[in-house]
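Chains, contacts and geometry: an overview
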Amino acid sequence: MIYLDNAATTPVRPEVLEAMLPYLKEEYGNPSGLYLTAVKAKEAVEKARKTIADTLGCEEEEIYFTSGGTESDNWAIKSAVQTAAEQKSEGSNEKEREGETERADLLKNCHIITTQIEHHAVLRTCQALEREGCAVTYLRVNEMGQISLKELEKAIRPETVLFSVMMANNEVGTVQPVKEIGAIARRRHIFFHTDAVQAYGHLPISVKEMNIDMLSASAHKCGGPKGVGFLYVRRGVNLPPFMHGGGQERGRRAGTENVPGIVGFGKAAELAAVQMKQTEKETALMRDHLIRRLLTEIPYARLNGSWKNRLAGNCNISFQFTEGGALLILLDEEGICAAAGSACSTGSKEPSHVLKAMGIPDDIARGTLRLTIGHQNTMEEMDQVVESMKKCVARLRKNAGEYEDFRNHMPG
Ligand code: PLP
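What you see is a predicted model, and the numbers here were worked out from it, not measured in a lab.

1. Regarding the site of the ligand
Taken together, 13 residues surround the ligand, and among them Thr-70, Asp-195, Gln-198, Ser-218 and Lys-221 come closest. Note that an oxygen atom of the ligand is positioned 2.6 Å from one of the side-chain N or O atoms of Ser-218. One of the side-chain nitrogen or oxygen atoms of His-220 is found 3.1 Å away from an oxygen atom of the ligand. Alone, the ligand offers 390 Å² of accessible surface; in the complex the protein occludes 87% of this. A total of 3 residues in the shell around the ligand trace back to one element, the largest contributor, which is helix 3 (residues 69–90). For the shell around the ligand, the per-class residue count stands at 2 nonpolar, 8 polar and 3 charged.

If you want it as structure tokens, here you go:
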């Protein structure tokens, strides 16, 4: 099997599994307990928190463990809007009703700026808030998948309380100018949340230098286990809890800690930080080799997104006169795992919202494959994938009347 769907999830690294095992076996205590095995579990959680905080240049107290990227995105966006709305209402007496302000009234005075190419964890959260009366601007992107800082500034209103802009896109790998966005947010006193689920462990991040107030990440995108993530919340941003219950995570995220998962995330974060430079360099070499060969050896293939400004492991290519879903099935027969769009929209016939936002025509977007490379892949695998791809694309085009018509009408 050749696994090229690392943006959907990555294999758990052997060292990560090794680190997790004791917490699934003998050290199974609940970190809230007071006896030895519980204390050991608690210490392991705190060690992971410190490791992760160091990778971002922040304090341990600013890291809150969650169940993954989706929960972190939901928490950041919904709670930041709530906080900002309450802060605004404190400064305006007319909005107060006998000391208590209705949520609907609060939300009516809030505006979020996000982008058209966010993951559904962000998009659908913003849409849910919109249904409650909050205003949302979904910024356009250019053909490379980047937002314009000028448009971001222009979109700011007096009621704007939050920017939520992803660090790197999960489909086309485009990296956004996060530092510049953070500078604007700080200058204009607007909260800045970034979904760094695809970037964390792959790109260097400094939350201070980038002026990030909240950052979401997920372990399974960087060699850790599924079902665990974190939300970085800058000290001073008083996010109300999202999960109510016990007093875990300093009272802000209730629920017994996923100790093995958190320990695994800590180990994955540590490995990623130490090996990032080398791994990302090698991954980018594989990516460039794969892209170059696919574009030169398969006619009517086009790269989506930017050559330069993309995640090291991302290759997103459209093969005209094919259908992404059908290509996936043929590739699966060849033992190759890939994706047609984002994992979450697999099975949907609709072209991806990201490619649509980048202005790629539907008929081209439909024949799109996302091949995402990880540290475990090899250059030989890239060559095998190109050979298989040539066969699969040719097979599909042989049966595509559209392709025949096109070739028959070609001059000469
Ligand atoms: N945000 C982005 C950019 C993602 O790529 C994903 C997962 O694919 C998520 C959020 C959701 O993360 P999780 O699977 O941990 O809920």
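2. Regarding the pairing of strand 3 (residues 111–115)
Of all 5 residues that make up strand 3, 5 are buried, and the element is covered over most of its length. The side-chain alternation of strand 3 yields two buried faces, one formed by His-111, Ile-113 and Thr-115 and the other by Ile-112 and Thr-114. Across 5 bridges, the pairing between strand 3 and strand 4 (residues 135–139) is parallel. Within strand 4, the position partnered with His-111 by the bridge is Ala-135. Tracing the backbone out of strand 3, into helix 5 (residues 120–131) and back to the parallel element strand 4 gives a crossover that is right-handed. Looking at chain direction, strand 3 and strand 5 (residues 160–164) are connected through 4 bridges and run parallel. Bridging across to strand 5, His-111 finds its partner in Thr-160.

3. Brief notes about the nonpolar core
The nonpolar side chains of soluble globular proteins are, as a tendency, buried together. If you look at the biggest cluster of nonpolar residues, it comprises 59 residues, and the most contacted ones within it are Phe-163, Tyr-200, Ile-205, Ile-212, Leu-215 and Phe-230. Tallying contributions element by element places helix 2 (residues 36–56) first for this core, with 7 residues. Once you skip the residues sitting within four places of it in the chain, Phe-230 turns out to touch Ile-52, Leu-56, Ile-63, Tyr-64, Phe-65, Thr-66, Ser-72, Tyr-200, Leu-215, Ser-216, Ala-217 and Phe-265. Counting 28 residues, the second largest nonpolar core, distinct from the first, contains Leu-294, Leu-328, Leu-331 and Ala-338.

4. What to know about the side chain of Glu-118
Note on placement: Glu-118 falls in the loop between strand 3 and helix 5. Buried charge without a partner: Glu-118 forms no salt bridge, and the closest opposite charge is Arg-124, 13 Å away. Engagement of the side chain of Glu-118 in a polar contact is seen with the side chain of Thr-115, the distance being 2.8 Å. Excluding residues within four positions of it along the chain, Glu-118 makes contact with Leu-123, Ser-164, Val-165, Met-166, Asp-195 and His-353.

What counts, and where the lines are drawn
Residues numbered from 1 in each chain as written. Predicted model: local features only at pLDDT ≥ 70, side-chain atom pairs only at ≥ 80, totals over all residues. Heavy atoms only, no water. Near = heavy atom within 4 Å. Polar contact = N/O pair within 3.5 Å; in protein donor to acceptor, adjacent residues only side chain to side chain. Areas by Shrake-Rupley, 256 points an atom, 1.4 Å probe, with all protein chains shown as cover. Helix = DSSP H or I, 4+ residues; strand = E, 2+ residues; numbered from the N terminus. Nonpolar A, V, L, I, M, F, W, Y, C, P; charged D, E, K, R; others polar. Buried < 20%, exposed > 50% of the residue type's maximum accessible area, 1.4 Å probe, protein only. Pairing = 2+ DSSP bridges. Right-handed = clockwise from strand over helix to strand, strands pointing away. Core = buried A, V, L, I, M, F, W, Y, C linked by side-chain atoms within 4.5 Å. Contact = heavy atoms within 4.5 Å. Lys, Arg positive; Asp, Glu negative; His and termini not counted. Salt bridge = Lys/Arg side-chain N within 4 Å of Asp/Glu carboxyl O.

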